[in-house]
Amino acid sequence: MANALSTQAPRAIADPIVVDLGLVGPGKVGSALLAQLRLAAPRLLRDCNMQLRLRAVSDSRHMWLDCDDDALNGRIHGAQTWRPAALDEFAAYVASRGGQLTVLADCSASDVVADRYAGWLAAGIHVVTPNKRAASGPLERWRRIAEASHASGARLHYEGTVGAGLPVVRTLRDLLDTGDELVAVEGMLSGTLAWLFNRFDGSRPFSALVREAHALGYAEPDPRDDLSGMDVARKLVILAREAGLALSLDDVGVESLVPAELAEGDVDTFMKRLDRLDAPMAARLRPGGVLRHVATLENGRATVGLRVLDPAHAFAHARLSDNVVRFATRRYCDNALVVQGPGAGPEVTAAAVFADLLRVAGAMGVKRCAC
Ligand SMILES: NC(=O)c1ccc[n+]([C@@H]2O[C@H](COP(=O)([O-])OP(=O)(O)OC[C@H]3O[C@@H](n4cnc5c(N)ncnc54)[C@H](OP(=O)(O)O)[C@@H]3O)[C@@H](O)[C@H]2O)c1
């Protein structure tokens with residue numbers, strides 16, 4: 001048989017597939033995403049025939065339509081102006097630019113933005129996001145989002161919501177889609193709490209470690225957001241729903257590490273009274289065991305809290321602020337499937353959002369490689 005490649009006429013270069021992109025939330029993750037898109041844009045055009053066009057950016061108060069961005073839309077010194085943020089106007093503007101695909105990247109942590117997803121998806125606008133609010137928020141809203149996506153075919157991807165850049169949601173999805181059955185999920189889903197309990201052995205007061213994490217920027221501006229366990233509970237709800245369980249935040253048994261008397265009040269007051277955590281936390285230490293903050297989903301029950309583990313347990317050996325997720329399934333029954341690595345940080349989280357965007361483009365027919 002003749003070599004088909006040698007006899008073929010040179011392939012005509014088709015017009016690029018234009019992806020119109022709108023960014024909601026140009027904060028730490030959103031800015032890192034823009035930087036990654038700028039770097040990758042020439043390669044995507046060359047190898048995948050895909051042209052990324054940044055059409056608009058919005059924060060909570062302003063939006064920039066047709067903003068200046070030399071690398072992502074060829075505009076510079078376009079006398080860009082902002083106007084008051086209006087999310088529906090913003091989405092309609094991005095969707096009206098004439099590209100083959102419209103994708104909104106929600107890099108906020110806002111319920112107000114999550115409230116718009118169903119409408120955007122119904123209008124054929126794809127959404128990629130590390131924002132946990134939709135996938136862990138009210139079930140009624142989550143159902144409306146799923147229905148809108150099914151009806152229009154527009155995609156919602158949210159890999160960055162659990163484990164930042166680690167392939168956690170996708171791994172669970174792939175296991176279930178290929179017929180495996182989930183037995184249990186066990187995870188260390190907070191980089192901050194992993195960091196704290198990797199160090200807490202009683203040699204230093206717990207409050208000193210929280211202060212250090214705060215000073216190093218490992219903890220949230222208000223460390224109660226980490227210590228309350230609610231962020232981890234949100235991630236567990238996301239995994240539970242991915243596994244087909246109609247779970248809500250209220251269904252998760254969450255052990256807060258914040259004493260009731262410190263739960264209210266401003267951050268400064270909380271930081272001043274932090275040593276009130278020391279005695280209760282020291283009382284949790286056990287000789288011959290290690291303390292870890294663990295999220296568990298088993299037999300439909302979801303719990304989040306401190307556990308004393310055997311020093312031989314895999315969670316006892318995680319490094320620094322690693323996230324670890326163990327999927328015990330029918331296939332992975334003797335030895336669970338483990339996903340482990342850095343589970344926070346703007347760069348890795350932005351990369352998850354970027355990969356979700358490429359997944360949307362791939363599903364819509366854009367080639368992922370040069371061929
Ligand atoms: N940073 C990480 O390591 C990490 C890891 C995993 C997941 N995530 C998730 O990624 C998301 C972004 O995190 P981040 O660290 O980048 O936060 P961030 O720096 O605080 O940025 C949040 C951005 O969202 C914008 N925003 C807030 N409410 C909005 C609204 N109603 N409409 C439009 N924009 C709004 C903010 O604008 P304003 O300045 O106007 O408020 C800001 O630009 C969050 O959902 C977070 O949970 C972050």
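Notes on the structure follow. Quick caveat: nothing in here was measured; it's all calculated off a predicted structure. (Residues numbered from 1 in each chain as written. Predicted model: local features only at pLDDT ≥ 70, side-chain atom pairs only at ≥ 80, totals over all residues.)

Structural notes on the sheet that holds strand β2 (residues 50-58)
Threshold: In short, DSSP must find at least two bridges between two strands for them to pair. Under the scheme used here, helices are H or I runs from DSSP no shorter than 4 residues and strands are E runs no shorter than 2 residues, and both carry numbers assigned from the N terminus.
Taken in spatial order, the 7 strands line up as β4-β3-β2-β1-β5-β6-β7 in an open sheet, and their pairing is mixed. Edge strands, defined here as strands with exactly one partner in the open sheet, are β4 (82-84) and β7 (156-157). Here 2 bridges tie strand β6 (residues 126-128) to β7, and the two strands are oriented parallel to one another. Along β7, the bridge assignment pairs Val-128 with His-157.

Concerning the site of the ligand
Put simply, the rule reads: As a rule, any residue with its backbone-derived C-beta atom within 6 Å of a molecule or strand is reported as near that molecule or strand. When residue character is reported, Ala, Val, Leu, Ile, Met, Phe, Trp, Tyr, Cys and Pro are called nonpolar, Asp, Glu, Lys and Arg charged, and the others, Gly included, polar.
Neighbouring the ligand are 27 residues; Gly-25, Gly-27, Asp-59, Ser-60 and Ser-108 lie closest to it. For the shell around the ligand, the secondary-structure elements that each account for two or more residues are α2 (28-48), α5 (111-114) and α16 (346-363). Sort the elements by how many residues they give to the shell around the ligand and α2 lands first, with 3 residues. Considered class by class, the residues forming the shell around the ligand number 12 nonpolar, 11 polar and 4 charged.

A short note on the pairing of strand β10 (residues 290-298)
Where we set the bar: With C-beta atoms placed from the backbone, a residue is buried if 20 or more other C-beta atoms are within 10 Å of its own, exposed if 12 or fewer are, and partly exposed between those counts.
Burial within β10 is extensive, with 7 of its 9 residues counted as buried. Of the strand pairs in this sheet, β10 and strand β11 (residues 301-309) are connected by 9 bridges, and their pairing is antiparallel. Residue pairing in the sheet places Arg-292 in a bridge with Arg-307 of β11. Where β10 folds back on β11, the antiparallel hairpin that results is connected by 2 residues, among which Asn-299 adopts a positive phi of roughly 50°.

Points about the sheet that holds strand β9 (residues 252-254)
Cut-off, in case you're wondering: To get an axis, a line is fitted to the C-alpha atoms, and for a helix only the part in contact is used. The angle between two axes follows their N-to-C directions and goes from 0 to 180 degrees. Contacts are defined on C-beta atoms placed from the backbone: any two residues whose C-beta positions lie within 7 Å are in contact.
Pairing in this open sheet of 6 strands is mixed, and the strands run β9-β11-β10-β8-β12-β13 from one edge to the other. For this open sheet the edge positions go to β9 and β13 (337-342), each flanked by a neighbour on one side alone. Sheet twist, expressed as the average angle between the axes of neighbouring strands with direction ignored, equals 20°. Where strand β8 (residues 182-188) meets strand β12 (residues 322-329), 6 bridges bridge the pair, whose relative direction is antiparallel. Bridge pairing in β12 links Gly-187 to Val-325. Most of the contacts of helix α10 (residues 191-199) go to β10, to which it runs at about 145°, and overall it touches β8, β10 and β12. Along the sheet face, helix α13 (residues 230-242) touches β8, β9, β10 and β11 and points at about 35° away from the line of β10.

Points about the packing of α10 against helix α11 (residues 206-216)
For any two helices packed against each other, the geometry comes down to the angle between their axes and how far apart the axes lie. Rules: Orientation categories follow fixed angle ranges, with anything under 35 degrees roughly parallel, anything over 145 roughly antiparallel, 65 to 115 roughly perpendicular, and all other angles oblique. In this scheme, a crossing is called left-handed if the near helix is turned counterclockwise away from the far one by less than a right angle; it is called right-handed if the turn is clockwise.
One way to put it is that α10 packs onto α11 with a least axis distance of 10 Å and a crossing angle of 135°. The orientation of α10 with respect to α11, classified from their angle, is oblique. Judged by the sense of rotation from one axis to the other, the crossing of α10 with α11 is right-handed. On α11, the residues that touch Thr-192, Trp-195, Leu-196 and Arg-199 of α10 are Leu-209, Val-210 and Ala-213. Grouping the amino acids of the contact of α10 with α11 by side-chain chemistry returns 5 nonpolar, 1 polar and 1 charged.

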